[in-house]
Structures are given as structure tokens and as C-alpha cells.
Amino acid sequence: MTREPMREHELEATLTDIGERLAYPHPTRLGDAVRARLREPRAGHWWDGLRSPRYAFGPAVATLVLIVVVSLAAVPGVRAAADEFLRLRGIDIFRAPAIATPAGTAVPRATFAGGLTTLDEARRRADFTVRAPADPRLGSPDEVYRGFSATGKGDVITLVYAARAGIPVSREAGVSVLVVEFRGRIDETLFGKVAGEGTRIQEVTVNGGRGFWIEGEPHLFFYRDEAGNVWSDTLRLAGNTLLWEQGGVTFRLEAQVTREDALRIATSFR
Amino acid sequence: MSGVKRVRTDSVEGRPTEDAVLVERSRNGDQDAYAELVTRYQAIAARTAYVITGTAADAEDVAQDAFVKAYYALDRFRAGAPFRPWLLRIVANEAINRRKAAGRRPTVGLSVVEDRASGDTALSPEASALARERREIVLDALRQMREEDRLVIAYRYFFDLSEVEMAEALGVARGTVKSRLSRAIARLRAVMEGGQLHDA
């Protein structure tokens, strides 16, 4: 061993030497891979175009929509509906009058945000612990997608269960069950939900933590990123939804099942 | 000294105008122009990520994610600014966040490629052994350092970034680069000599 501390020039030469010898990766086709990623639909909504670099005013548009909806909620007579304001770590659920939903042309199969991957791969690569239901009624997901949150800061993992016995296939998305997971943080992200009057919201306990059971019409979410920008997303199946937070991650289980069934599936998340 | 040659495929010199043109076209939605930028900087992006993550597979993954995020962040890119350090900043953030989110051990598994045989080295066996021993000591210390310190050292000694580029890539004032680097070197020495790491 060299006992004497290295002189400055020796240390610098050694560092340069290491820099030349590190076992770096040698990507050669990253250009193609990135181009393919950019061509993937980021989500199947009309407002996705607003997220392109050409439309930096997207967040402002979403904010305006939110202001309109919140203003509507302030009209006497519907104020009572807006009074119910629940909070789940970073998630705010607003009740408001019915919202306009996109024209009801049923699509055979919706597209989901991100690139197609496998559950194992998603577990390895996501920036949080990805969980999936172990409930035998569901089995393994048919498709798994990994995309970015609208803020571009975290992963969004979507598990798709095409058709499962006893669980109706959604008219909107053409699948039975959908699970969406992403990192949701307590003080940084506000995640709002505007629900129509035909929607019931109930507070529930899921795996020891707080959650919400949402039943009824299609829902539209609004949430705020760290920079204060407001973004929107919809619940995809227009069915019943269980929303809960576990270990810093927000889970969304969408399926046309009863509350008890949904809670049972949620308990099986591993 | 060794059969491994330093590869310099990402030099910014002589083509800043081209970068600016490609960036402008990318901002207007030209994904082929952006793919060209990716090809141009994929090597240094993956290398930077590797210095932080310590595994080649993670590094490629990080580089790819960083390029996608950079594309969607192009509207925040200051027109006329150099693209490479701006990109490296996104790469480094992505790599550091990923490591922290994964709750990985504080040390990383950086490794070096050693000479196959003494045949292709100009050094005497003794000098060669000494150089190897020094590499092992320094590399072992680098593995234990904070990502941020390793990054400063890598920008200066591995990738030969200019002070101006380092300032841009680190997001600090130009005058701060020198002190950042000397603090990182001091901490490197402290680890090498078995001392404690002290934050400035």
C-alpha cells in the first residue's frame, strides 16, 4: 500500500486515468429509442397536445377550466354539493355540478399513458415500489404501461386487466379493471377531483391508510404540481373507483365492482 | 500508458451553431432533429449517468428518460445557450433522483477496465502496478462519495468540461465551480485516508 498521501499531480493523473478506464455504457441507438418514446401517445386525451413544448400555456388553460368549475360550484343551490371537500394526503376531492364529458362514442380499446412494459420491468424501473393485486379473480395484468406524470418528474404505472369473469368490461375503455399508481406527495402536490352530482364519495380505510370510494359517473381529476401548475386527468373506466395512498404512492383501482369487492382487491396488493 | 484511448465524441467546439439549429427545429416539433441531438450527446449523457448510478444498465435507462424529459422541457431552454451542459443538468438530476428514490446503498459499483496484458503498456511492471494500486484506492473512495461530489470530479477530470460548462451543468455561478471542485477533492482525500466525510 502507498502510505504517503498522493501528491496533487499524482491524484489528478490517477483521476484522469480512471476517467479513461471506467466501464461506461456505450449506447448507440438512443436516438431511435428516444424518437420511439416521443411518438408514443402520452395519454389519450385532447389536452395532451397542450403539453408539447409548443403549447407552454397548457397549465394556464387547465387553471382556467378549474376556475370555471369552482365558480359554478359557488352558484347558490349547488353550493351544498361543493361543500363536501375531502382531503387525502395531497389529494383534494371537490364536489361540483355535473361536468361535460367527451361525446359518448364508445371506443373499443383506450390507449394508456407511456410505453408497454412488463410488471417485473416496471417494478425494476419505477421510482417507487410498484404493487399489484394478488387477488385470484384478477390474476396477472394483461398489459403494463410505464409513463411519466404530467410534471415529467415521476413514473406513472398502469396495470390493465382486459376481461375478467364477473367484472363488466367498461364501455369507455374496453377493459375490466385498471390500476394506476404514481408517487403522490403530501405538501407538494394538490390532486383535485371534480365529481358530477351523480357521483358518491365515501371515506374508507384501505390497508390501514385513508382512502376514498367513488361511485357513479365519469370523473375528472385536477392536480397541481410543485410549480403550482394545474393538470388534468380522467378516471378512465367511468366506473367505480377506489383511491388510496400507501407508502407515499397514490393507488387508483377502477372497476365496476362493489365497494367490498374493491376493498378486498386493494388488501391483496403486494 | 494504456491501450485505452480517451474518446472525445461530444466536443462542443466547432458546432454550437448546428446545435442551436437542431434545438430550434426540435422546439418546433421536429423529432428527427431531436434524434440527431440525442445521437450527438448519448455518449456523454450515459457516462454522466454512470458516474452517479454506478451500473451501465441504469445509466442507459436514465439517459433515455433524461432525453425524453429534456424534449418536453425545451420550451424552458434559453435560446442560444449551449445545449450540452443544460442536458447534463437534466441527466444528473434524473440519475440522482433515481438513486435516492430507489433507496440504494450509499456506495456505488463503479468499475474500471484494466489492461489485459502488460504487452500494450509502455510502463514498467513496477510503475504499472503502482498506477493500478492508486486507481484502486481512488476509485474505492469515489464509490463512497456523495453523488454531487463525484459529479464535479467527473466533469473536470473525466469529461474535461470547461469551467463555464461546469457552471452551467451544475447550476452554479462560475466563481463557485473552483470551490466546489476543491471541496470535492478535499473530501475525496479524506475518504482515501480513512477520515470522516464533512459537509462544507
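Residues numbered from 1 in each chain as written. Chains lettered and ligands numbered in written order. Predicted model: local features only at pLDDT ≥ 70, side-chain atom pairs only at ≥ 80, totals over all residues.

**Some remarks on the overall build of chain A**
For clarity, the cut-off: Secondary structure elements follow DSSP: runs of H or I of four or more residues count as helices, runs of E of two or more count as strands, with numbering from the N terminus. To sort residues by exposure, count the other C-beta atoms lying within 10 Å of each residue's C-beta; 20 or more gives buried, 12 or fewer gives exposed, and values between give partly exposed, all with C-beta atoms placed from the backbone.
A count of helical and extended segments in chain A gives six helices and 13 strands. Across the 270 residues in chain A, those meeting the buried criterion constitute 37%.

**Overview of the overall build of chain B**
Secondary structure summary: chain B contains eight helices and zero strands in total. Starting at the N terminus and ending at the C terminus, chain B contains elements arranged as α-α-α-α-α-α-α-α.

**Overview of the interface of chain B and chain A**
Which entries qualify depends on this criterion: Note on contacts: each residue gets a C-beta atom placed from the backbone, and two residues are in contact if those atoms are within 7 Å. For this scheme, ten residues count as nonpolar: Ala, Val, Leu, Ile, Met, Phe, Trp, Tyr, Cys and Pro. Four count as charged, namely Asp, Glu, Lys and Arg, and the remainder, Gly too, count as polar.
With 44 residues of chain B at the interface, the matching set in chain A holds 35 residues. Taken together, the elements giving at least two residues each to the side of chain B that touches chain A come down to helix H2 (31-53), helix H3 (56-72), helix H4 (83-101), helix H5 (125-144) and helix H6 (147-158) of chain B. A total of 11 residues in the side of chain B that touches chain A trace back to one element, the largest contributor, which is H3 of chain B. Of the residues contributing to the side of chain B that touches chain A, the split by class is 24 nonpolar, seven polar and 13 charged.

**Details of H4 of chain B**
Residue and element names in this part refer to chain B. Stated precisely, the cut-off is as follows: Given the number of residues in a helix, its expected span is that number minus one, multiplied by 1.5 Å.
Taking 1.5 Å of rise per residue, the 19 residues of H4 would be expected to cover 27 Å, and the 27 Å separating its terminal C-alpha atoms lies within 8% of that figure. Within the sequence span of H4, burial applies to Phe 83, Arg 84, Pro 85, Trp 86, Leu 87, Leu 88, Val 91, Ala 92, Glu 94, Ala 95, Arg 98 and Arg 99. Following H4 by one or two positions, Gly 103 adopts a phi angle in the positive range, close to 60°.

**So, the packing of helix H1 (residues 8-21) of chain A against H6 of chain B**
Heads up, the rule is: In this analysis an axis means a line fitted to C-alpha atoms, helices contributing only their contacting stretch, and an angle means the value between N-to-C directions, from 0 to 180 degrees. Angles are sorted into four bins: roughly parallel if under 35 degrees, roughly antiparallel if over 145, roughly perpendicular if 65 to 115, and oblique for all others.
As a packed pair, H1 of chain A and H6 of chain B sit with axes 9 Å apart at the nearest point and diverge in direction by 90°. In terms of orientation, H1 of chain A and H6 of chain B fall into the roughly perpendicular class. The segment H1 of chain A lies against H6 of chain B, with Glu 12, Leu 15, Thr 16 and Gly 19 of chain A engaging Ile 153, Tyr 157 and Phe 158 of chain B. Taken together, the residues of the contact of H1 of chain A with H6 of chain B break down into four nonpolar, two polar and one charged.

**Regarding helix H8 (residues 174-192) of chain B**
Residues and elements named next belong to chain B. Here is the rule: Here the arc refers to the directions that run from the helix axis out to each C-beta atom.
With 19 residues, H8 extends 28 Å between its outermost C-alpha atoms, agreeing within 8% with the 27 Å of an ideal straight helix rising 1.5 Å per residue. Taken together, the buried positions of H8 are occupied by Val 177, Arg 180, Ala 184, Arg 187 and Leu 188. With its buried residues spanning 105° around the axis, H8 presents them on a single face. Summarising the geometry of H8, the exposed residues directed more than 90 degrees from the buried face are Gly 175, Lys 178, Ser 179 and Ser 182. Turning to H8, the residues buried within the fold contact H5, H6 and helix H7 (163-170). Remark: Gly 194 follows H8 within two positions and exhibits a positive phi of approximately 75°.

**Things to note about the environment of Ala 49 of chain B**
For Ala 49 of chain B, the location among the structural elements is in helix H2. Each C-alpha atom of the pair Ala 49 of chain B and Leu 88 of chain B lies 8.8 Å from the other, and the pair is 39 residues apart in sequence.

**Description of the pairing of strand S9 (residues 209-215) of chain A**
Residue and element names in this part refer to chain A. Heads up, the condition is: Any two strands with at least two DSSP bridges between them are considered paired.
Here strand S8 (residues 200-206) pairs with S9 via seven bridges, running antiparallel. If you follow Ile 201 over to S9, its bridge partner there is Ile 214. Connecting S8 to the next strand, S9, in antiparallel fashion are two residues, including Asn 207 with a positive phi near 50°. Pairing analysis gives four bridges linking S9 to strand S12 (residues 241-246), with the strands arranged antiparallel. When the bridges of S12 are listed, Ile 214 appears paired with Thr 241.

**Observations concerning the nonpolar core**
Rules: Put simply, a nonpolar core is a cluster of buried Ala, Val, Leu, Ile, Met, Phe, Trp, Tyr and Cys residues tied together by C-beta atoms within 7 Å. Throughout the structure description, domain borders are defined by an automatic or database domain assignment.
Counting 57 residues, the largest nonpolar core has Ala 45, Ala 49, Ala 63, Phe 67 and Val 91 of chain B as the members making the most contacts within it. The two domains that each donate at least three residues to this core are domain 1 (11-105) and domain 2 (118-200) of chain B. Other than its neighbours up to four places away in sequence, Phe 67 of chain B contacts Leu 30 and Val 34 of chain A together with Val 38 and Ala 45 of chain B. Listed in part, the 32 residues of the second largest apolar core include Tyr 161, Phe 182, Val 206 and Leu 243 of chain A.

**A short note on the confidence of the model for chain B**
All names here are of chain B. The test is simple: The predictor rates its confidence in each residue with pLDDT, a number between 0 and 100.
In this model, chain B carries an average pLDDT of 83, and 83% of its residues clear a pLDDT of 70 or more. Mean pLDDT across the secondary structure elements of chain B bottoms out at helix H1 (residues 16-27), with 81, and peaks at H6, with 95. Below pLDDT 50 for its whole length, residues 1-17 participates in 20 contacts with residues either more than four positions away or in separate chains. A low-confidence stretch, residues 196-200 stays under pLDDT 50, and its non-local contacts, those more than four residues away or across chains, total five contacts. For this predicted complex, the interface confidence score (ipTM) comes to 0.86, while the overall pTM stands at 0.51.

**Some details on the packing of H6 of chain B against H8 of chain B**
All names here are of chain B. The condition that has to hold: Rotating anticlockwise by less than a right angle from the far helix to the near helix defines a left-handed crossing, while the corresponding clockwise rotation defines a right-handed one.
Running from amino to carboxyl end, H6 crosses H8 at an angle of 110°, the nearest separation of the two axes being 9 Å. On the basis of the axis angle, H6 is roughly perpendicular to H8. In this structure, H6 crosses over H8, and the sense of that crossing is left-handed. Contacts between H6 and H8 pair Asp 149, Val 152, Ile 153 and Arg 156 from the former with Arg 180, Leu 181, Ala 184, Arg 187 and Leu 188 from the latter. Within the contact of H6 with H8, the residues separate by chemical class into five nonpolar, no polar and four charged.

**Comments concerning the pairing of strand S4 (residues 143-148) of chain A**
All names here are of chain A. Both strand S3 (residues 115-117) and S4 contribute to a ladder of three bridges, which runs antiparallel. Directly across from Thr 117, in S4, lies its bridge partner Val 144. With six bridges joining them, S4 and strand S5 (residues 155-161) adopt antiparallel strand pairing. Its bridge partner being in S5, Arg 146 is matched across the sheet by Ile 157.

**Some points on the environment of Val 206 of chain A**
Residue and element names in this part refer to chain A. Looking at where Val 206 falls in the secondary structure, it is placed in strand S8. For Val 206, a count of 21 C-beta atoms within 10 Å gives the class buried. Measuring from C-alpha to C-alpha, the distance between Val 206 and Arg 264 comes to 9.3 Å, with 58 residues separating the pair along the chain. Setting aside residues no more than four positions away along its own chain, Val 206 makes contact with Gly 211, Leu 242, Trp 244, Leu 263 and Ala 266.

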